[in-house]
Amino acid sequence: MTPFSIAFLPLTDSAPLIVAKEKGFAAAAGIDLLMVRTTSWATLRDRLVYGQVQGAHMLAPLAIAVTLGLSQTSAALSAPFRLNVNGNALVIAPNFAAALDPDPATRIGDPLAAAHDFAAAIGLHRRKPVIGIVHRFSCHALLLRYWLASAGVDPDRDLSLRVLPPSLMVEALRVGEIDGFIAGEPWGSVAVAEGLAEIVVAGARIWKRGVEKVLALRTDWMEAHPETVDAFLVALSQASAWCEDPAHHEELADLLERSDYVGRTASELLPALTGRFTLRHGEPPVSIPDFLHFHREAAGFPWRSQALWIYSQFVRWGFVKASAGHERAAAEVFRSDIYRRALAGSGLPMPGASMKVEGAIEAPLGVGAHSGALTLGADGFFDGGIFDPSDVSAYLANLARK
Amino acid sequence: MRWPALRRVSAAGKSLRIVIVDDSGLRATVLEEGLREAGYDDIHVVPPEGGFVARLERMAPDVVLMDLGSPSRDTLEEMLVVSRALARPIAMFVDRSDEAMIGAAIDAGVSAYVVDGLRKERVKPVLDLAIRRFNAFARMQTELDTAKSERDQAKIALQERRTIDRAKAILMTSRNLPEADAYALLRSTAMNQGKRIIEVAEALITASDMLGGAA
């Protein structure tokens, strides 16, 4: 057995890693998986960069930021596998949410209207709203910025984005330090269950097929250990298929509930897995399709176009200067080539291309694939935006004109 | 050479301002004492709660020391990014040339951030000391935990002995056996059933209670 240690944060989307260990997929691939529970993204990053662990459950934008040297400690990182698609929710305290459409299901169903209502509510609020984000380089924060900007809100001027660890978000809401937060599950559901907030938008409604956590490896380590990497990707792919199966959701919630994993109750963990959410405390649950998924539609495949979308947002918000070098380096973090190599013999449908025009698929579409048919679901942005990875600067110019 | 009474001052005559961000009162004390003994006297302890980042910013520290396990590291790092425009930016201390030190810091659970441009020679003793003190604290904690688990085991052992005594008493009364034979019976039953004596004793007590037993 090859030892392989991996740092993770206690979030629902660490599921494929936990399942790879607990359901024996890693062991069957000859890997002795050691899970290292970590409490901040900074420490997860440091453990990976300084070789205390070989892999990490990382925010996709953070992997790119570390590679571009934007996050304290820099190192070339690679993401050969996406651990999940979507999985975030924006929750807002009832006194702020009162200025939005009164029906939470209507808000969730129409994120464009909700964004405009949110923009109007900013002026009505007793102070500049403070919204908690887990990290500057998180997909949640990028989606929140994208959503707000569509309604003319400047997220750096019109509200305060405050970085807080998810475990402290609920307490910060309780004492009124923040007016809402966007985070990965189970934290939105925890806040709703305590009656402190209402789910206003789901990440999956801002971008139907958004990128979220990735398996991050140090590029030098990955290149020196191709056999371990390939074996582990096979195990992860099997584990993500297991996670996706509705028949396993309850068992999965029980597994994640353990204090050495996520450590929250199964009832708080289940909504993200089943897509059935209580939006406001005490009300019947509603369905949010595709809230979080792990496996179908080649979910593990790291589309380079999505790394470039993240880069485009970095440029948009002034995190990094636009340059051909940065653009290339960002795209190369997503290693679709390693995914192909590792899973070539798995029988899974394999996308024929490594980039796609993001947001262009309006209805489920069969796409060019090796070994079997691959259908990709609608991947639109809520505002109808289209991201063509071959022309990032045109995309940015168009956003600036809006 | 060591001058414990000497204030650690820079060429400009100013002492290093060190802020310890920590919610463990004991660990912060252990570290603060060590730094004071080494001659640093501008030391502040800030728990990572509420608006701690604003407090920290006002203090304009030269060095910030923080537990690597604190969930608030991301909050602190965000401040480092947005404060870059200020007069006294702080950036993470990473001396890439000193892999051994980085390893030691991570093992000990120390993360450190220092003012940009501060000379390495001035910061290294602080970090070395923080690593030693964090390690000492971790050892102390382990010893305390060990002592606690020994106490817990002693408590369990006592409870088990009481249970076995009670089971023996039941056998002595109901089967009219001397104590040694009652114990031998428990032990042989346990051995025959592949169980621990305590399990047989517990089962016997339960059964006896259900039957409205003698003991």
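None of these values were measured; they are calculated from a predicted model.

**Concerning the nonpolar core**
Note on soluble globular proteins: their nonpolar side chains tend to be buried together. If you look at the biggest cluster of nonpolar residues, it comprises 158 residues, and the most contacted ones within it are Phe118, Trp147, Trp309, Phe314 and Phe334 of chain A. In terms of residues, this core owes the most to one element, helix α8 (residues 139-150) of chain A, which gives nine residues.

**Thoughts on the sheet that holds strand β9 (residues 180-184) of chain A**
Residue and element names in this part refer to chain A. Pairing is mixed in the open sheet, where five strands are placed in the order β8-β7-β9-β6-β10. Every interior strand has two partners, whereas the edge strands, β8 (160-163) and β10 (198-202), have only one. If you compare each strand with its neighbour and ignore which way they point, the axes differ by 25 degrees on average. The pairing of strand β7 (residues 130-133) with β9 spans three bridges and is classified as parallel. Pairing of Ile131 across the sheet is with Gly180, part of β9.

**Looking at unusual backbone geometry**
The residue after Glu185 of chain A, namely Pro186 of chain A, is reached through a cis peptide bond having omega 15 degrees. Within the chain, Asn176 of chain B stands out as a residue other than glycine whose phi angle is a positive 55 degrees. On the secondary structure map, Asn176 of chain B appears in the loop between α5 (120-174) and α6 (179-193).

**Some remarks on the confidence of the model for chain B**
Residues and elements named next belong to chain B. Across chain B, pLDDT averages 80, with 85% of residues at or above 70. Every residue in residues 1-13 is under pLDDT 50, and counting partners more than four places away or in other chains gives 18 contacts. Across the whole predicted complex the pTM is 0.85, and at the interface the ipTM reaches 0.91.

**Topic: the packing of helix α2 (residues 52-59) of chain B against helix α3 (residues 73-82) of chain B**
Residues and elements named next belong to chain B. One way to put it is that α2 packs onto α3 with a least axis distance of 10 Å and a crossing angle of 45 degrees. As summarised for this structure, α2 and α3 are arranged oblique, according to the angle between their axes. Relative to α3, α2 is oriented so that their crossing is right-handed. Across the interface between the two elements, Phe52, Val53, Leu56 and Glu57 of α2 pack against Thr75, Leu76 and Met79 of α3. When the residues that make up the contact of α2 with α3 are grouped by side-chain class, the tally is five nonpolar, one polar and one charged.

Rules used in this analysis
- Residues numbered from 1 in each chain as written.
- Chains lettered and ligands numbered in written order.
- Predicted model: local features only at pLDDT ≥ 70, side-chain atom pairs only at ≥ 80, totals over all residues.
- Heavy atoms only, no water.
- Core = buried A, V, L, I, M, F, W, Y, C linked by side-chain atoms within 4.5 Å.
- Buried < 20%, exposed > 50% of the residue type's maximum accessible area, 1.4 Å probe, protein only.
- Helix = DSSP H or I, 4+ residues; strand = E, 2+ residues; numbered from the N terminus.
- Pairing = 2+ DSSP bridges.
- Axes fitted to C-alpha atoms, helices over the stretch in contact; angles between N-to-C directions.
- pLDDT = per-residue confidence, 0-100.
- Contact = heavy atoms within 4.5 Å.
- Parallel < 35°, antiparallel > 145°, perpendicular 65-115°, else oblique.
- Left-handed = near helix turned anticlockwise from the far one by under 90°.
- Nonpolar A, V, L, I, M, F, W, Y, C, P; charged D, E, K, R; others polar.

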